[in-house]
Amino acid sequence: MAKEIKTIGVLTSGGDAPGMNAAIRAVVRKAIANGVKVKGIKKGYQGLLNEEIIDLEKWSVADIIQRGGTILGTARCSEFRTEEGQDKGVEICRRHGIDGLIVIGGDGSYRGAQALSKKGINTIGIPGTIDLDITCTEYTIGFDTAINTAMDAIDKVRDTSSSHERCSIIEVMGRNAGYIALWCGVANGAEDILLPEKYDYNEQNIINNIINNRKRGKTHHIIINAEGIGHSTSMARRIEAATGIETRATILGYMQRGGNPTCKDRFYASIMGAYAADILCEGKTNRVVGYQHGEFQDFDIEEALAMEKSISEYQYEVSKALSM
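Report on the accompanying structure. Quick caveat, the model's predicted, so the values are computed rather than measured.

Quick look at the pairing of strand β10 (residues 287-292)
Item 1. Along β10, 5 of the 6 residues are buried, which leaves the element largely enclosed by surrounding structure.
Item 2. The pairing of strand β5 (residues 122-127) with β10 spans 2 bridges and is classified as parallel. Looking across to β10, one finds that Gly125 is bridged to Val288.
Item 3. With 6 bridges connecting them, β10 and strand β11 (residues 295-300) associate as antiparallel partners. By the bridge assignment for β11, Tyr291 is matched with Phe296.
Item 4. Where β10 folds back on β11, the antiparallel hairpin that results is connected by 2 residues, among which His293 adopts a positive phi of roughly 55°.

Laid out in structure tokens, this is it:
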């Protein structure tokens, strides 16, 4: 028989992502509608260990759906990776009457949720990461806003790159996943797209591409470089030396994490937050909410963490064909 849930906690962990506030709002209001109390935990697992815990009511989450970032704050917490830290987290949850916990974050955050579940605290994960690198879901909170933010910035760089007949290397976020680079590369009409999953580190191919395009009359050249490859500034110097073409690097950085979330991020995050509250109130645990084939679903966290996600070969081949 499922454990009766009377009070749940909600926290955001890891990197922030636009749409997290929409998810928090949905968790709070749907749980209260289900007759369950909600406590907000500030600064992720670190805030849990520091007992930075507040009561949340319906009015507590008013006027936040349009805001980027997370009203609860977020932080990394190395202590929570230890058995002692996890045991302390369980003790604090019980002291505050928290029967279940909703964790909004990436796969690292899910490992903490998984540990709490094994120790008796019902946990549900919601995928909050701009990198789109959670395998069990086709959508993660913040990705849509991040790619639109990056796309707009790249368009602006392209304008000045064309005016000065430059080559521009634009570095987008994505340490281990190239989804932002792939989507922006296609959407912005980049001549080269460098993905951590695919790049062979053969700069001569890029140099040859730039020279051949210039001979054909192309007045600018856009290279989208994923953060996981990096070294955009030194790459720009090498390309300029090899081609004689003025080359500049632009690193978009943390601007991609911020800004008002798009309609898609607000809507999907809201549905995911409500879904997580519902299944937690039903007594489910060790699950992660995902979106696949047009439906919101939930998956076992262990299965989700074991899945491997890779760039679609077809999408990658299309990106190369369109850049020619």
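Now that the structure has been shown, the text picks up again.
Overview of the sheet that holds β10
Item 1. The sheet built from 7 strands is open, its strands ordered β3-β2-β1-β4-β5-β10-β11 with mixed pairing. At either margin of the open sheet sits one strand with a lone partner, and together these are β3 (53-56) and β11. Each strand of the sheet is rotated relative to its neighbour by a mean of 30°, with strand direction disregarded.
Item 2. Of the strands in this sheet, β1 (7-12), β2 (37-41), β3, β4 (100-105) and β5 touch helix α1 (residues 20-33), which is tilted by about 180° from β1.

Overview of the nonpolar core
Item 1. In terms of nonpolar packing, the biggest core is built from 60 residues, with Ile8, Ile102, Ile104 and Ile180 touching the most fellow members.
Item 2. When sequence neighbours within four positions are dropped, the list of residues in contact with Ile180 reads Ile130, Asp131, Phe143, Ala146, Ile147, Val172, Met173 and Gln256.

Structural notes on the packing of aromatic side chains
Item 1. All chains considered together, the criterion is met by 8 aromatic pairs.
Item 2. Ring geometry for Tyr268 versus Tyr291: centroids 4.9 Å apart, planes at 50°, classification tilted. You can see Tyr268 sitting in helix α9 (residues 263-281) and its partner Tyr291 sitting in strand β10, a full 23 residues away along the chain. Across the pair, exposure class does not vary: Tyr268 and Tyr291 are buried alike.
Item 3. By way of ring pairs, the aromatic residues Tyr139, Phe267, Tyr268, Tyr291 and Phe296 are connected into one cluster.
Item 4. Lying over the aromatic face of Tyr268, Lys264 brings its terminal NZ or CZ to 5.3 Å of the ring centre.

Parameters and conventions
- Residues numbered from 1 in each chain as written.
- Predicted model: local features only at pLDDT ≥ 70, side-chain atom pairs only at ≥ 80, totals over all residues.
- Heavy atoms only, no water.
- Buried < 20%, exposed > 50% of the residue type's maximum accessible area, 1.4 Å probe, protein only.
- Helix = DSSP H or I, 4+ residues; strand = E, 2+ residues; numbered from the N terminus.
- Pairing = 2+ DSSP bridges.
- Axes fitted to C-alpha atoms, helices over the stretch in contact; angles between N-to-C directions.
- Contact = heavy atoms within 4.5 Å.
- Core = buried A, V, L, I, M, F, W, Y, C linked by side-chain atoms within 4.5 Å.
- Phe/Tyr/Trp six-rings, centres within 6.5 Å; stacked < 30°, edge-to-face > 60°.
- Lys NZ or Arg CZ within 6 Å of the ring centre and 35° of its normal.

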